[in-house]
Amino acid sequence: MKQIFQALKISEKVHWVGAVDWKLRDFHGYATNRGTSYNAYLVLGEKIALLDTVKAPFREEMFQRISSLIEPGEIDYIISNHSEMDHSGCLPEAVEIIRPEKILASKMGKDALENHFRGAFQVTAVNDGEKLNLGAVTLKFIETRMLHWPDSMFTFFEEEGILFSQDAFGMHLASSERFDDEFDEALLRQEAAKYYANILLPFSPLVKKLLESLNQMNLSPKMIAPDHGPIWRKNPNKILEHYSLWAETAVSRKAVVVFDTMWGSTAKMATAVAEGLKRGGLNPLLMPLGASHRSEVAAELLEAGALLVGSPTINGQMFPTVADLLTYLKGLKRPNLVGGAFGSHGWANKAVKQIEESLTEMKVEIAGEGVTAKYVPDEEALQKCFELGLKTAEKVLAGIK
Ligand code: FEO
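Because the structure is predicted, anything quoted here is derived from the model rather than measured.

### Here we look at the overall build of the chain
Part 1: Along the chain, the regular secondary structure elements total twelve helices and 24 strands.
Part 2: For a compact globule of 401 residues, the expected C-alpha radius of gyration is about 21 Å, and the chain comes in at 24 Å, within 12% of that figure.
Part 3: Referenced to the eigenvectors of the C-alpha coordinate spread, the extents of the chain come out at roughly 75 × 40 × 35 Å.
Part 4: For the chain, the proportion of its 401 residues judged to be buried stands at 57%.

Following this line, the structure appears as structure tokens:
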């Protein structure tokens, strides 16, 4: 049993000792259709550091990987780049087994770990820019507050040019492969975009600042090693370029039409809206909520220009699936969208108004009056849906030109 899980050498002095979660399908509300990995890294200088740990149930896998290389007790420092439980969950047990000289985290990381583990171990706070010398290995700590938690920080291994970036530049993708060059590029872009849209999007202004400061520091990382998914070694600039683009939250001709339906009326209206969008010069993407997870909608919106939302009224409210989606999207704060609402009702015409209020709260520019239809849409209602699509297209295109 001891030798099943092995450490993987990723550079002269760094080994991956993380865990792969093949079964995970829900990460606090994010659909992880391809599972995930929790990456932890051993840095071997004259002294030894463990960078981040893994989710608690994967403790054994991590320790087997560590033990394939060294005795866990040889580790001198545990560095917590991010205190969310998928990276810190097994810290109390790890501390007990390793008995490190120090556990290091950012100032906010110290606070977060203390509030998670309530005195189970002492944490030493490091300052932004502070360095730790392991003997022939210099680790520089870079505070990345709110990317995506207050505690978040990067650690840069100066001599080898490896940036340990915790969640940033990562993705949820379980695999036996560990490096970007072992995957299809389009798949990596898709999963990294989904990760950005669902985790980092609300902090896009900070992402921009971070990219600028990495530039000013002249780090030019040779490798970027995040806490989830593949390590970027072939072309680390690729993911930096993607982040630079996504942080701009620029609009495109893509229009997301998301809806739920009871007896097909709102679905019919969605189709008419989509025809209007198409006729107006946009590329509509219809996403029925029965078959589209909220995190997939968020991912599609990352590079879109419009969001149109449809819902029937049920018991005086919009559909619960639609309310769920709007609550989620409200938190992600995708700016620069044009949109509108539509939906059918029986005797209480409520949902469309409620959706419009939510869209306004999300700062979506409403392209035209919401369209409602009693029970089943007639030709006039469908025409209005078509026109809502046309008006939306006009506004999106005006913003692009
Ligand atoms: Fe992978 Fe924010 O935790």
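### A closer look at the domain arrangement of the chain
Part 1: What the domain assignment lists for the chain is domain 1 (8-247) and domain 2 (255-394).
Part 2: Here the C-alpha centre of domain 2 lies 38 Å away from the C-alpha centre of domain 1.
Part 3: Across the boundary between the two partners, domain 1 contributes 14 residues, which contact twelve residues of domain 2.
Part 4: Between domain 1 and domain 2, the buried area comes to about 1100 Å², and carbon and sulfur atoms account for 57% of it.
Part 5: We note a salt bridge from Glu303 to Arg189, for which the minimum N-O separation is 3.1 Å.
Part 6: At the boundary of domain 1 and domain 2, one finds seven residue pairs in polar contact (both at pLDDT 80 or more).
Part 7: For the side of domain 1 that touches domain 2, the secondary structure elements donating two or more residues are strand E5 (30-31), helix H5 (185-200) and helix H7 (236-247).
Part 8: Across the side of domain 1 that touches domain 2, the residue classes break down as nine nonpolar, three polar and two charged.

### A word on the sheet that holds strand E15 (residues 162-164)
Part 1: Read across the open sheet, the five strands follow the order E12-E13-E14-E15-E16; overall the sheet is mixed. One side of each edge strand has no neighbouring strand; the edge strands of this open sheet are strand E12 (131-133) and strand E16 (223-225). Ignoring strand direction, the axes of neighbouring strands in this sheet form an average angle of 20°.
Part 2: Bridging between strand E13 (residues 138-143) and strand E14 (residues 153-157) involves five bridges; their strand directions are antiparallel. If you follow Glu143 over to E14, its bridge partner there is Met153.

### Remarks on a nonpolar patch on the surface
Part 1: A cluster of nonpolar side chains, namely Trp347, Tyr375 and Val376, defines an oily patch on the protein surface of about 440 Å² accessible area.
Part 2: Relative to the elements of secondary structure, Tyr375 occurs in the loop between strand E24 (371-374) and helix H12 (379-400).

### Regarding the packing of aromatic side chains
The geometry of an aromatic ring pair comes down to the distance between the two centres and the angle between the two planes.
Part 1: Applying the stated criterion across every chain yields a total of nine aromatic pairs.
Part 2: Here Phe117 and Phe121 contribute two aromatic rings whose centre-to-centre distance is 5.6 Å and whose plane-to-plane angle is 40°, an arrangement assigned as tilted.
Part 3: On the basis of relative accessible area, Phe117 is assigned to the buried category, the value being 13%.
Part 4: Relative to Trp246, the ring of Tyr196 has its centre 5.7 Å away and its plane inclined at 45°; by these criteria the two rings are tilted. Taken together, the residues Tyr196 in helix H5 and Trp246 in helix H7 connect sequence positions 50 residues apart.

### Side note on the packing of helix H8 (residues 265-279) against H12
Part 1: For the pair H8 and H12, interaxial distance at closest approach is 7 Å and the crossing angle is 40°. One way to sum up the angle between H8 and H12 is to call them oblique. As for how H8 packs across H12, the hand of that crossing is right-handed. Taking contact as the criterion, the partners of Lys268, Met269, Ala272, Val273, Glu275, Gly276, Leu277 and Arg279 in H8 are, on H12, Leu382, Cys385, Phe386, Gly389, Leu390, Thr392 and Ala393.
Part 2: Residue composition of the contact of H8 with H12, by class: nine nonpolar, three polar and three charged.

### What about the environment of Ala7?
Part 1: Looking at the element boundaries, Ala7 is found in the segment before strand E1 (8-9).
Part 2: Apart from the residues lying within four places of it in its own chain, the contact partners of Ala7 are His15, Trp16, Val17, Arg65, Ser68 and Leu69.

### Examining the pairing of E24
When a strand is regular, its side chains alternate between the sheet's two faces.
Part 1: Of the two faces of E24, the one holding Val371 and Ala373 is buried and the one holding Thr372 and Lys374 is not buried anywhere.
Part 2: Looking at chain direction, strand E22 (residues 338-345) and E24 are connected through four bridges and run parallel. Bridge pairing in E24 links Ser344 to Ala373.

Analysis parameters
Residues numbered from 1 in each chain as written. Predicted model: local features only at pLDDT ≥ 70, side-chain atom pairs only at ≥ 80, totals over all residues. Heavy atoms only, no water. Helix = DSSP H or I, 4+ residues; strand = E, 2+ residues; numbered from the N terminus. Rg over C-alpha atoms; globule rule 2.2 N^0.38 Å. Buried < 20%, exposed > 50% of the residue type's maximum accessible area, 1.4 Å probe, protein only. Domains from an automatic or database assignment. Contact = heavy atoms within 4.5 Å. Buried area = accessible area lost by both parts, 1.4 Å probe. Salt bridge = Lys/Arg side-chain N within 4 Å of Asp/Glu carboxyl O. Polar contact = N/O pair within 3.5 Å; in protein donor to acceptor, adjacent residues only side chain to side chain. Nonpolar A, V, L, I, M, F, W, Y, C, P; charged D, E, K, R; others polar. Pairing = 2+ DSSP bridges. Axes fitted to C-alpha atoms, helices over the stretch in contact; angles between N-to-C directions. Patch = residues over 30% accessible without salt bridge, like charges linked within 9 Å, V, L, I, M, F, W, Y side chains within 5 Å. Areas by Shrake-Rupley, 256 points an atom, 1.4 Å probe, with all protein chains shown as cover. Phe/Tyr/Trp six-rings, centres within 6.5 Å; stacked < 30°, edge-to-face > 60°. Parallel < 35°, antiparallel > 145°, perpendicular 65-115°, else oblique. Left-handed = near helix turned anticlockwise from the far one by under 90°.

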